[in-house]
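Summary of the model geometry
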Amino acid sequence: MTDSAGAGIRVAEAAARSVQDVLDALHSGPRGLSASEARERLAVVGPNAVRSHHVRVWAVLGRQLRSALLLLLAATAALSFAFGERAGAVIIGVILVLSVLLGFANELRAEKAAEALHSRVRHTTVVLRAAPSRAREAPHGADVQDARSVEPDETGPAPAAVEVDVTELVPGDVVRLTLGQVVPADLRLLECTAFACDESVLTGESAPVDKSTAPVPEGVALAELTSCALMGTVVHAGAATAVVVATGGDAEFGRIALGLGERQPETDFQTGLRRFSMLLLKVAVVLTTAIFAINLVLQRPLLDALLFSLAIAVGITPQLLPAVVSTSLATGSRQLAKRKVLVKRLVCIEDLGDMDVLVTDKTGTLTEGRISFQAALDPVGTDAPDVLRLGLLATEGEPGGDHLGGNPLDSALWQAEGAAERTPDGVRRLAVLPFDHERQLTSTLLQHPDGSRLLVAKGAPEQVLARCLQVPEQAAAVLKARFAAGSRVVAVATKDAGPLTGIAPGDESGLRLAGFLVFLDPPKAGAADSLRRLAGLGITVKICTGDNALVAQKVCADLGLPSGRALTGRDIEAMDDAQLTEAAEEATVFARVSPQDKARIVGALRRRGRDIGFLGDGVNDALALHAADVGISVDTATDVAKDAADVLLLEKDLGVLADGVAEGRRIFANTIKYVLMGTSSNFGNMFSAAGASLVLSFLPMLPSQILLNNLLYDASQLTIPTDHVDEEQLRAPSHWDIGFIRRFMLVFGPVSSAFDFLTFWVMIGIFHAGPALFRSGWFVESLATQTLVIFAIRTRRVPFFRSRPSRPLLAAALGVVALGVALPMSPLADTLGFQALPVGFFLALAVMTVLYVALIEAVKQIFFSRLEARPTRPRARTRTLRHRIQRRAARFSHRGPLPPQHP
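Being a predicted model, the structure only gives us computed values, none of them experimental. (Residues numbered from 1 in each chain as written. Predicted model: local features only at pLDDT ≥ 70, side-chain atom pairs only at ≥ 80, totals over all residues. Heavy atoms only, no water.)

Below, the discussion takes up the overall build of the protein. In terms of helices and strands, the protein carries 33 helices and 23 strands. Residue burial in the protein is summarised as follows: out of 903 residues, 56% are buried. Across the protein, the fraction of contacts at a sequence separation of at least 24, relative to all contacts at a separation of at least 6, is 78%. For the protein, the exposed surface amounts to about 36,200 Å²; the carbon and sulfur share of it is 58%. (Helix = DSSP H or I, 4+ residues; strand = E, 2+ residues; numbered from the N terminus. Buried < 20%, exposed > 50% of the residue type's maximum accessible area, 1.4 Å probe, protein only. Contact = heavy atoms within 4.5 Å. Areas by Shrake-Rupley, 256 points an atom, 1.4 Å probe, with all protein chains shown as cover.)

Next up, the structure:
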């Protein structure tokens, strides 16, 4: 699609054309589009999106019908209906439909919760909005093509810089790019300064690509399009202004993302669920096959034997596990959102609860994050107003201009008293070399009215002093005193620039130290309490900062956090991985660290078997966010940090994070309750059915009764997500352990079976029950025991009534038991194959239920007292190129269908 109103052009074509040719083809200009032009084009080309997060009702319903067991059971019931067993087949069909609808309703609620959650995560970019003019503006409702055919007028008022959602970008929009930003579309560069992009998400190459505005030859490879910035790549250095040439699926990244689909790699939580489901499926296959074979040997009707066996399989497999998990996660996501915590995907909630080490930056978490300018000092520590003047001239934003996207230290300088009057008239800024995390400097080239030129550099004191020719001896003492007081310090240096017309990193040498700019970011009120809460959750906090070690240690001391050992970037560079693994465990503060150092620190801690959370909001945090078990950022973070994170905080506060961790652990604990119930009660009941088939001359329970029992039981378990969790279970993370689940099943399953066999003896030996009475008695007993045992299994406390269940769980469990008791005496009894039970049975049932719960309590105490502590071990976590593309594609998503790709 080329050269038509509102349409874009291929990035390869744009890269080979001059800037003016591209602007002409897009009917745009260096001032960008007006707001109404952008709206009109958006209506033509559609949103800049490659993902859609609207709820797909039919897809949710389809997932409920994906169970092979359910489909096989439905087919067998249909055959049974065809051969005359109509009543039983209809009952089975009704129960299957109710089961599907129950799962569908709960998963749909979870999907809607995820959609609402996604809508709260916004990704914005800065665009230039031209003022409306007669040449650029068509009357409302006029033909778009006609409006664009007029040559634009570029002599009007200066354009306004505004933030818009990335999905609202259209071809012709002019955007600003700064360090750490994810490029929001395919762009042709108009102006750039020392500009480079990390294109590894597209090419797999880690080395950044230097960019310029010069056209490139036609037919070059994607990695050689140096006059363009590609959607989804990251600004590694410098700054630029560029025009949008292609959006959404027409961009190179968009085509790749659409081709990969939307399926995300599994988290540890999902892997655990899948492995648990496979465990029960294997057990179900063995039991089903054995029961079917036994019934055939006993010469029972083939269809009855098949229906009974399949019903047993459905009973033991966790049909509602996805619904229970989805309900837990959806409930948790709503609770977290109220606490200002947003998760990218619902399953990330459990990963948050897994965390036992938090590596965090200092600014905004331990400190207020509101940086204020304190003083300008010369190298020996006396007041020096000229140093403030130089610092103002060395900010990246234009003096007096807007500072949208500027760094907080520059903003603090401009907010200093009298800052506006300290920038002398007649001084021109000829060039700016922006800050990057390798140089840790910003430099500007100035020209005075007399024509002389001056280079001003400001940045990390260690980097500036290393580039100075001479440094007074007092300077080190001044720095140490300021650092020890908890102040942030920026050094300023200058040199005569002579004939320089631009700045390169090599020009930042031979400097003269002018002095220091001192800033203060005080400890945050409430941070000490938040640290104590995290410690109570078993989380060790470590500080990873680009600031000086003395500053970080002072903040730690003020907040009562034991500072321990401090490691600097130089210390880390000198260590191999084994040495760093040992040292990182002992250290609390990591100072003056590079992005690579942060990622190494996370990797070293993970090698100790720890589950690492990393909290960061800068471009230099992206590597560590990817390397951590759970990446945490804030909604005001740089683009690349938000994309790399799994969890976003709406407020950069450790107290908010502590809420999120506790909620993640509560959700996992409640999920495990359902899992343990399924592996004990269900397994025990199905094992009992296998044993009963051997000794009885009739089926111990009709297939429809098994399915009804399973439906009622599962319905009671859907309230587990609302349950309370004991405080002691929140003090340390829990993890999926299939070995533990298997042991639990093999210990508690036989206990359940033992009481089933006791029921068999009571029904036959005491009440001399026939088939209908026997089935009624076992139906009531199995439903009562497997439902009520939740009150013992839900807590490790002994006795269980020391832990209070939630009201919905209590009501659901007692209500289901009451319904089960009432069914054999209801008008539906004959239809369902039940018979009214004698009064004596209920006395026996009460005794057996009490004995069953008491035995479970005794076994539980022995089982958990012998439970070995989970061994710490490294957990493999890799982020493939496919994974990175899919995660970044989430930035370009919206509600509703995607616009069509153009050929």
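It is worth spelling out a nonpolar patch on the surface at this point. A surface patch of nonpolar side chains, about 500 Å² in accessible area, is lined by Phe81, Val90, Val94, Val97, Leu98 and Leu101. It is helix H6 (residues 86-119) that provides the largest number of residues to the nonpolar patch, a total of five residues. Tracing the backbone through its elements, the reader meets Leu101 in helix H6. (Patch = residues over 30% accessible without salt bridge, like charges linked within 9 Å, V, L, I, M, F, W, Y side chains within 5 Å. Salt bridge = Lys/Arg side-chain N within 4 Å of Asp/Glu carboxyl O.)

Time to look at the packing of helix H25 (residues 654-695) against helix H28 (residues 771-788). Geometrically, a packed helix pair is captured by the angle between its two axes and the distance between the axes. The geometry of H25 relative to H28 is characterised by a closest axis approach of 10 Å and an angle of 160° between their N-to-C directions. The orientation of H25 relative to H28 falls into the category roughly antiparallel. The interaxial crossing formed by H25 with H28 has right-handed handedness. Residue-level inspection shows Met677, Ser681, Asn682, Asn685, Ser688 and Ala689 of H25 in contact with H28, the latter providing Trp778, Ser782, Gln786 and Thr787. For the contact of H25 with H28, the per-class residue count stands at three nonpolar, seven polar and no charged. (Axes fitted to C-alpha atoms, helices over the stretch in contact; angles between N-to-C directions. Parallel < 35°, antiparallel > 145°, perpendicular 65-115°, else oblique. Left-handed = near helix turned anticlockwise from the far one by under 90°. Nonpolar A, V, L, I, M, F, W, Y, C, P; charged D, E, K, R; others polar.)

What follows is about unusual backbone geometry. Cis geometry is found at the peptide bond from Val798 to Pro799, where omega equals -5°. One can find Pro799 in the loop between helix H29 (790-793) and helix H30 (807-822). Located in the positive-phi region is His27, a residue other than glycine, with phi close to 55°. Among the secondary structure elements, His27 is positioned in the loop between helix H2 (19-25) and helix H3 (35-45). With phi around 50°, Arg592 is a residue other than glycine that occupies positive phi space. Along the polypeptide, Arg592 turns up in the loop between strand S19 (587-591) and helix H22 (595-607).

Attention now moves to the sheet that holds strand S21 (residues 630-634). The strand order S9-S22-S21-S20-S10-S17-S19-S18 describes an open sheet built from eight strands, whose pairing is mixed. Across the chains shown, the open sheet's two edge strands, defined by having one partner strand only, are strand S9 (341-343) and strand S18 (565-568). Across the sheet, the axes of successive neighbouring strands diverge by a mean angle of 20°, strand direction being ignored. Pairing analysis gives three bridges linking strand S20 (residues 612-615) to S21, with the strands arranged parallel. (Pairing = 2+ DSSP bridges.)

Our focus in this paragraph is the nonpolar core. By size, the foremost hydrophobic cluster in this structure holds 77 residues, and its most contacted members are Ile741, Phe744 and Phe779. Every residue in contact with Phe744, bar those within four places of it in the chain, is listed here: Leu676, Thr679, Ser680, Gly749, Ile793, Phe863 and Phe864. Counting residues in hydrophobic clusters, the runner-up holds 66 residues, among them Val357, Leu567, Leu580 and Phe590. (Core = buried A, V, L, I, M, F, W, Y, C linked by side-chain atoms within 4.5 Å.)

Let us look at the sheet that holds strand S12 (residues 428-433). Across the sheet, which stays open at both edges, the six strands sit in the order S11-S16-S15-S14-S13-S12 with antiparallel pairing between neighbours. The open sheet has two edge strands, strand S11 (372-377) and S12, and neither has a second partner. When strand polarity is set aside, the average angle formed by the axes of neighbouring strands in this sheet is 25°. Of the strand pairs in this sheet, S12 and strand S13 (residues 441-447) are connected by five bridges, and their pairing is antiparallel. When the sheet's bridge partners are listed, Ala431 is paired in S13 with Leu445. Against the sheet, helix H14 (residues 385-393) touches S11, S12, S13, strand S14 (453-459), strand S15 (488-496) and strand S16 (512-520), its axis set at about 85° to S16. Running over the sheet, helix H17 (residues 474-484) touches S11, S15 and S16 and is turned about 10° from S16.

As enumerated under the stated definition, the model contains 16 aromatic pairs in all. Here the aromatic rings of Phe757 and Phe760 are separated by 5.5 Å at their centres, their planes lie at 85°, and the arrangement is edge-to-face. Of this pair, Phe757 and Phe760 both sit in helix H27 (residues 738-766), three residues apart, which is roughly one turn of that helix. Residue classification places Phe757 among the partly exposed residues on the basis of a relative accessible area of 35%. Judged by relative accessible area, which is 8%, Phe760 ranks as buried. With a centroid separation of 5.6 Å and 75° between ring planes, the pair formed by Phe841 and Phe842 is classed as edge-to-face. (Phe/Tyr/Trp six-rings, centres within 6.5 Å; stacked < 30°, edge-to-face > 60°.)

This brings us to the state of the cysteines. Here is the idea: a disulfide is a covalent bond, and it sits between the sulfur atoms of two cysteines. Evaluation of the coordinates by the stated rule reveals zero disulfides. The thiol of Cys192 is not disulfide-bonded; the next cysteine sulfur, from Cys197, is found 9.4 Å away. (Disulfide = S-S within 2.5 Å.)

Quick look at helix H19 (residues 549-559) now. Regarding H19, the residues found buried are Ala549, Val551, Ala552, Val555, Cys556 and Leu559. Projected onto a plane normal to the axis of H19, the buried residues spread over an arc of 165° and lie on a single side. Buried residues belonging to H19 abut H17, helix H18 (527-536), strand S17 (540-545), S18 and S19. Capping of H19 at its N-terminal end is provided by Asn548; its side-chain oxygen lies 2.8 Å from the backbone amide nitrogen of Leu550. (Arc of directions from axis to C-beta. Polar contact = N/O pair within 3.5 Å; in protein donor to acceptor, adjacent residues only side chain to side chain.)

Right, let's talk about helix H26 (residues 703-717) for a bit. Given a rise of 1.5 Å per residue, 15 residues ought to cover 21 Å, and the 21 Å separating the end C-alpha atoms of H26 matches this to within 8%. Across the 15 residues of H26, 14 count as buried, placing the element largely inside the fold. (Expected span 1.5 Å × (residues − 1).)

Quick look at the pattern of salt bridges now. This structure, assessed with the given rule, holds 31 salt bridges. Two residues, Glu651 and Lys340, come together in a salt bridge whose shortest N-O distance is 2.8 Å. With Glu651 in the loop between strand S22 (647-649) and H25 and Lys340 in the loop between helix H12 (321-338) and S9, this pair connects stretches of sequence that are 311 residues apart. Relative accessible area serves as the criterion here: at 37%, Lys340 is assigned to the partly exposed category. The partner of Arg610 in a salt bridge is Glu585, with the nearest N and O atoms 2.5 Å apart.

A word on a positive patch on the surface. Residues Arg109, Arg334, Lys338 and Arg339 make up a contiguous surface patch of positive charge. Topologically, Arg339 is positioned in the loop between H12 and S9. A relative accessible area of 32% places Arg339 in the partly exposed class. (Lys, Arg positive; Asp, Glu negative; His and termini not counted. Charge placed at Lys NZ, Arg CZ, Asp CG, Glu CD.)

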